[in-house]
Structure formats: C-alpha cells, structure tokens
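The lines below spell out each chain.
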Amino acid sequence: MHADAESIRKSIRSYLMVGAALFVFTGITVAVNQIHLAVPLAITVALIIAGTKGTMVAAVFMHLNHEKKWIYGALLLTVIGFLILIFVPLLTVGNGIGTPLNVTVTHGAAEHAVR
Amino acid sequence: MNIPYVVEERPDSGLTNGKLGTWLFLASEVMLFGALFSTYIILRVGSVEWPHGELNVWLGMANTFILIGSSVTMVMAWASLKLNDFAKHRLYLIATFVLSGLFLVNKYFEYADHLARGEGPAHSTFLAIYFTLTGLHGLHIIGGMVVMAYFIGPGARLWKKNPEQFTNRIENTGLYWHFVDLVWIFLFPVLYLL
C-alpha cells in the first residue's frame with residue numbers, strides 16, 4: 001500500500017488535514033443546527049455533512065481510496081445489504097408498524113378475544 | 001503450525017488474512033448498525049411527535065471532537081510504525097486509549113444525568129433507541145480499548161519478534177477504530193441534532 005517513508009510522510013499530512021476538516025465540519029453541523037432550519041432541510045443538511053465526513057474517514061483513514069478489489073467487492077455486498085435493511089422495512093410503515101395504536105379494548109371485547 | 005498470510009499477502013486476494021477478516025467483520029457490523037438505524041427511521045416516521053432538545057448537544061459535540069481526535073492519533077500510531085518509530089507509535093496509541101476513555105467518561109455523565117431524572121430506556125421511544133444505539137456503540141468503544149490495552153501492554157512484544165506482523169495488527173485495529181468513529185459521525189446528528 002505505502003511503499004516508502006516519503007509516501008508515508010505525505011500520507012501523514014493528508015491525515016492531519018482530514019482531521020482538521022472533520023473538526024470544522026462538526027462545528028458547521030452544530031452551527032447549522034443553531035439556525036433552526038425547517039426539519040426536512042435540517043435533516044438533509046446534517047446528513048450531507050455526516051456523509052461527507054464519513055466518506056473522508058473511510059477514504060483517507062481507512063485507505064479506501066486505494067484498496068484491493070476484494071475489499072471493494074465485500075463493501076459492495078455490504079452496501080446492498082445495508083440498503084435492504086434501511087429501505088425494505090420502510091415498506092411496512094404503510095401497514096401501521098411503528099405507528100402508535102389508539103385502541104380502546106372494552107372488558108367484554110377482551111373476554112371475547114380470550115375465548 | 002504457523003498461520004499463513006499474516007505478513008505476506010495472499011496471491012489470490014492480494015491481502016493478508018487478518019485484513020480481509022477485519023473487513024468482513026466490519027461488513028457484518030454495518031449490517032448490525034444498519035438494522036438499528038432502520039429501526040430508528042421506522043420509529044421516527046411512525047411517531048406522532050418526536051422530542052427535540054432532550055440531549056446535551058455540547059456534550060455530544062465534545063464527544064465527536066474526542067472520537068475524531070482519537071481516529072487521527074490511531075492512524076498516526078500506525079504511520080509511526082511504518083516509519084519504524086516505535087516510541088512515537090506507543091505515544092499515539094496511549095493517546096488514542098486516553099481519548100476513548102474520555103469519551104466513555106462523558107457518556108457516563110450523560111447517562112447518569114438522564115437516569116437521575118428517571119429518564120431510562122423505558123421512559124420514551126426516543127430514549128429507548130438512544131440508549132440502544134449509544135449503548136451498543138459504547139460497547140464497541142470498550143472492545144476497542146481492550147484491544148488497544150493489549151497492544152500497549154503484552155501485545156507490544158511482537159514488535160521485537162515480528163515488526164511487520166505487529167504493524168498489520170495495528171492497521172487492523174485502526175480499521176475497527178475508524179469504523180467506530182464513522183458510526184458516531186452519523187449517530188451524533190441523528191440523535192442530538194435532528
């Protein structure tokens with residue numbers, strides 16, 4: 001991955017720059033939150049900044065900007081699995097899962113249900 | 001019998017076994033946290049109202065700075081080994097360990113404050129998912145600290161016997177640690193700000 005000492009020293013510079021950028025982006029995230037934007041816009045901005053920070057950590061600190069194809073293959077499978085986990089359960093929202101139920105069960109109905 | 005491909009790379013994958021294993025482990029971790037983030041989305045979308053301002057943003061921000069700082073020191077610990085500077089590596093690894101301890105201390109105060117006010121996981125849906133996500137993340141921090149403590153202590157002997165293998169082990173520890181940082185980068189805005 002890193003052939004010689006010179007390339008490591010170059011990498012160290014980029015690690016420090018990315019570290020500083022991550023601090024700045026965290027400050028921006030909190031500053032934007034203090035403005036009290038509309039909820040959809042606030043969610044969009046916060047997730048864009050978090051996505052940018054996450055990409056920087058993965059690309060530079062975890063060296064994903066120059067990795068072997070086996071790692072990319074494993075990560076591709078992970079992304080597919082992650083998307084399934086994130087989006088498929090959302091389909092169940094239409095069925096009422098996760099919504100608060102406001103059902104009043106009368107004594108008689110409960111007895112009927114037990115029978 | 002020696003475990004193969006701990007230093008030299010496998011001809012088929014171009015990776016050491018440890019590194020490939022670490023990435024596959026991280027893939028399973030993405031699934032674990034993915035499932036919990038998915039749960040959070042479902043609970044939030046399905047709720048009539050969602051609490052705002054229940055958590056201390058400044059404490060959350062401080063912990064974000066601490067974890068980012070620990071990620072920088074972790075990668076520097078690995079880079080120092082690549083430059084054959086074990087003393088610096090040790091210093092950076094200890095700094096990472098201390099920062100992760102500081103993160104947990106902050107988290108303790110946060111938890112203690114909530115629990116003192118009777119705001120446990122059973123108090124609300126928001127606090128249930130908050131304690132689940134941050135609790136699981138905290139367990140990952142503790143796991144990372146155990147590994148770091150090993151490499152600061154008895155595990156450091158490997159540097160003298162097989163420096164390349166030791167460097168690979170620190171690289172894999174770093175991959176795990178950056179992942180833990182990555183999870184927090186998303187947890188912070190999702191739980192504290194939105």
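Keep in mind that this is a model prediction, so the values were computed, not measured.

Draft legend 1. Main features of the overall build of chain A. Looking only at helices and strands, chain A features 4 helices and 0 strands. Across the 115 residues of chain A, 13% fall into the buried class.

Draft legend 2. Structural detail: the interface of chain B and chain A. Contacts between chain B and chain A engage 41 residues on the former and 43 residues on the latter. Elements represented by at least two residues in the side of chain B that touches chain A include exactly helix 1 (17-46), helix 2 (57-82) and helix 6 (163-193) of chain B. Tallying contributions element by element places helix 1 of chain B first for the side of chain B that touches chain A, with 15 residues. Of the residues in the side of chain B that touches chain A, the class split is 30 nonpolar, 9 polar and 2 charged.

Draft legend 3. Local environment of the packing of helix 1 of chain B against helix 4 (residues 125-152) of chain B. Residue and element names in this part refer to chain B. The interhelical angle for the contact between helix 1 and helix 4, taken along N-to-C directions, is 170 degrees, at an axis separation of 11 Å. Taken together, the axes of helix 1 and helix 4 lie roughly antiparallel to each other. Here L36, T39, Y40 and L43 of helix 1 come into contact with helix 4, specifically with T125, I129, T132, L133 and L136. Residues of the contact of helix 1 with helix 4, tallied by class, amount to 6 nonpolar, 3 polar and no charged.

Rules of the game
- Residues numbered from 1 in each chain as written.
- Chains lettered and ligands numbered in written order.
- Predicted model: local features only at pLDDT ≥ 70, side-chain atom pairs only at ≥ 80, totals over all residues.
- Helix = DSSP H or I, 4+ residues; strand = E, 2+ residues; numbered from the N terminus.
- Buried ≥ 20, exposed ≤ 12 C-beta atoms within 10 Å, placed from the backbone.
- Contact = placed C-beta atoms within 7 Å.
- Nonpolar A, V, L, I, M, F, W, Y, C, P; charged D, E, K, R; others polar.
- Axes fitted to C-alpha atoms, helices over the stretch in contact; angles between N-to-C directions.
- Parallel < 35°, antiparallel > 145°, perpendicular 65-115°, else oblique.

The quantities given are spatial measurements derived from coordinates; they are silent on function.
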